[in-house]
Amino acid sequence: MIPVLTIDGPSGVGKGTVANIVASQLSWNLLDSGAIYRAFALAASNRNVLVDNIDELLTLASNLDLRFESEPSINKLSIYLDNIEVSSELRTEETAELASKFAMIGPLRESLLVRQQKFKQPPGLVADGRDMGTVVFIDAPFKVFLTANVEERARRRLKQLQDKGIAGILSQTLEEVRNRDERDANRKHSPLKPSKDALIIDTSYLTINEVVTEVMALVKA
Ligand code: DC
């Protein structure tokens, strides 16, 4: 039995950071499922495949040449699409926005399912996203859902972008986060929602270390 910890939540909540730290503390594998949706969106946009061209989207999904290379010792994850490093390009708001639009398509989500489930390898997996606990790893023994108020999430997202040298203004980031919340939570297929058996943590007034401590306590218990 390979243990899985799912960490779901809306954009800007800090799932990626928490998942990264917890995976490294446990020495477990890491799945950043958002990166798969972002990479798919980038590949589709590079090839001018539109959201309504389901056949081409599905062909692209099954042939997607995507590779993750992690260097846990320096906390680095490099992502290659068609053998080209795209880690920074994937982090932009434009790619996120596009990913959120493609992520509404049910058949596409199904065709990306097995690719995500293959990350479940010994000694364990930490998987972050929107539907890790509700769909992709429904039997996971450990499930967490992170929340935070939208203003705080916009502030965190902006800081994350600025740390990567990407400029932005708070009002615009707030608007983008709100739009993405709306789309991710209200879509028909695998909408963003906590699994019934998930531990819900409101991180609005917690530091990253406090969130990590709560998540680690769940796994250790
Ligand atoms: O976590 P992220 O911001 O990198 O995700 C980008 C978009 O991908 C997000 O707005 C919705 C989509 N996504 C999804 O639908 N399901 C997931 N498990 C992960 C991401």
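Residues numbered from 1 in each chain as written. Predicted model: local features only at pLDDT ≥ 70, side-chain atom pairs only at ≥ 80, totals over all residues. Heavy atoms only, no water.

**Student:** Residue-level account of the pattern of salt bridges, with values.
**Tutor:** Across all of its chains, the model carries 15 salt bridges by this definition. Where Glu69 meets Arg67, a salt bridge forms, and the shortest distance between an N and an O atom there is 3.1 Å. According to the relative accessible area criterion, Glu69 is partly exposed, its value standing at 34%. Linked by salt bridges that have partners in common, Glu97, Lys101 and Arg183 make up one network. (Salt bridge = Lys/Arg side-chain N within 4 Å of Asp/Glu carboxyl O. Buried < 20%, exposed > 50% of the residue type's maximum accessible area, 1.4 Å probe, protein only.)

**Student:** If you had to explain the sheet that holds strand 5 (residues 84–85) to someone new, which residues and values would you point to?
**Tutor:** The three strands lie next to each other as 3-4-5, forming an open sheet whose pairing is antiparallel. Pairing within the sheet leaves two strands with one partner each, and these edge strands are strand 3 (66–71) and strand 5. Sheet topology places strand 3 next to strand 4 (residues 76–81); six bridges connect them, and they run antiparallel. Each residue of the ladder has a partner; that of Glu69, found in strand 4, is Ser78. (Pairing = 2+ DSSP bridges. Helix = DSSP H or I, 4+ residues; strand = E, 2+ residues; numbered from the N terminus.)

**Student:** Please set out helix 10 (residues 170–186) residue by residue, giving values where relevant.
**Tutor:** With 17 residues, helix 10 extends 24 Å from end C-alpha to end C-alpha; this agrees with the ideal 24 Å at 1.5 Å per step. Regarding helix 10, the residues found buried are Thr173, Leu174, Glu176, Val177, Arg180, Asp181, Arg183 and Asp184. Considering only its buried residues, helix 10 is in contact with helix 2 (33–46), helix 5 (93–102) and helix 9 (150–163). (Expected span 1.5 Å × (residues − 1). Contact = heavy atoms within 4.5 Å.)

**Student:** Mind laying out the site of the ligand, listing which residues take part and the relevant values?
**Tutor:** Taken together, 17 residues surround the ligand, and among them Arg38, Arg109, Arg130, Asp184 and Arg187 come closest. At 2.7 Å from an oxygen atom of the ligand is found a side-chain nitrogen or oxygen belonging to Arg109. Alone, the ligand offers 440 Å² of accessible surface; in the complex the protein occludes 97% of this. Going through the elements one at a time, helix 2, helix 5 and helix 10 are the ones with two or more residues in the shell around the ligand. Of all the elements, helix 2 adds the most residues to the shell around the ligand, at four residues. For the shell around the ligand, a count of residues per class yields four nonpolar, four polar and nine charged. (Near = heavy atom within 4 Å. Polar contact = N/O pair within 3.5 Å; in protein donor to acceptor, adjacent residues only side chain to side chain. Areas by Shrake-Rupley, 256 points an atom, 1.4 Å probe, with all protein chains shown as cover. Nonpolar A, V, L, I, M, F, W, Y, C, P; charged D, E, K, R; others polar.)

**Student:** Talk me through the environment of Ser70; I want residue IDs and the actual numbers.
**Tutor:** Along the chain, Ser70 turns up in strand 3. In this structure, the C-alpha to C-alpha distance between Ser70 and Leu30, residues 40 residues apart in sequence, is 8.9 Å. Setting aside residues no more than four positions away along its own chain, Ser70 makes contact with Lys76 and Leu77.

**Student:** I'd like to hear about the environment of Glu69, residue by residue, with values.
**Tutor:** Following the sequence through the fold, Glu69 ends up in strand 3. Sequence-wise, Glu69 and Tyr80 are 11 residues apart; in three dimensions their C-alpha atoms are separated by 8.1 Å. Ignoring anything within four residues of it in the chain, the contact list for Glu69 reads Lys76, Leu77, Ser78 and Tyr80. A polar side-chain atom of Glu69 sits 3.1 Å from a polar atom in the side chain of Arg67.

**Student:** Give a description of the packing of helix 2 against helix 3 (residues 54–63) that names residues and reports values.
**Tutor:** Their axes nearest at 11 Å, the elements helix 2 and helix 3 cross at an angle of 125°. By the angle between their axes, helix 2 is oblique relative to helix 3. Relative to helix 3, the crossing made by helix 2 is right-handed. On helix 3, the residues touching Phe40, Ala43 and Ala44 of helix 2 are Leu57, Leu60 and Ala61. Across the contact of helix 2 with helix 3, the residue classes break down as six nonpolar, no polar and no charged. (Axes fitted to C-alpha atoms, helices over the stretch in contact; angles between N-to-C directions. Parallel < 35°, antiparallel > 145°, perpendicular 65-115°, else oblique. Left-handed = near helix turned anticlockwise from the far one by under 90°.)

**Student:** Before we move on, can you summarise the nonpolar core with the specific residues and values?
**Tutor:** Counting residues in each nonpolar core, the largest one holds 34 residues, and the members touching the most others are Leu31, Phe40, Phe102 and Phe137. Listing elements by their share of this core, those giving two or more residues are helix 2, helix 3, strand 4, helix 5, strand 6 (125–129) and helix 8 (132–136). The element contributing the most residues to this core is helix 2, with nine residues. Once residues lying within four places of it in the same chain are set aside, the contact partners of Phe40 are Leu57, Leu60, Ala61, Leu64, Phe102 and Leu108. In terms of nonpolar packing, the next biggest core, distinct from the first, is built from 20 residues, Val126, Phe142, Val144 and Val211 among them. (Core = buried A, V, L, I, M, F, W, Y, C linked by side-chain atoms within 4.5 Å.)

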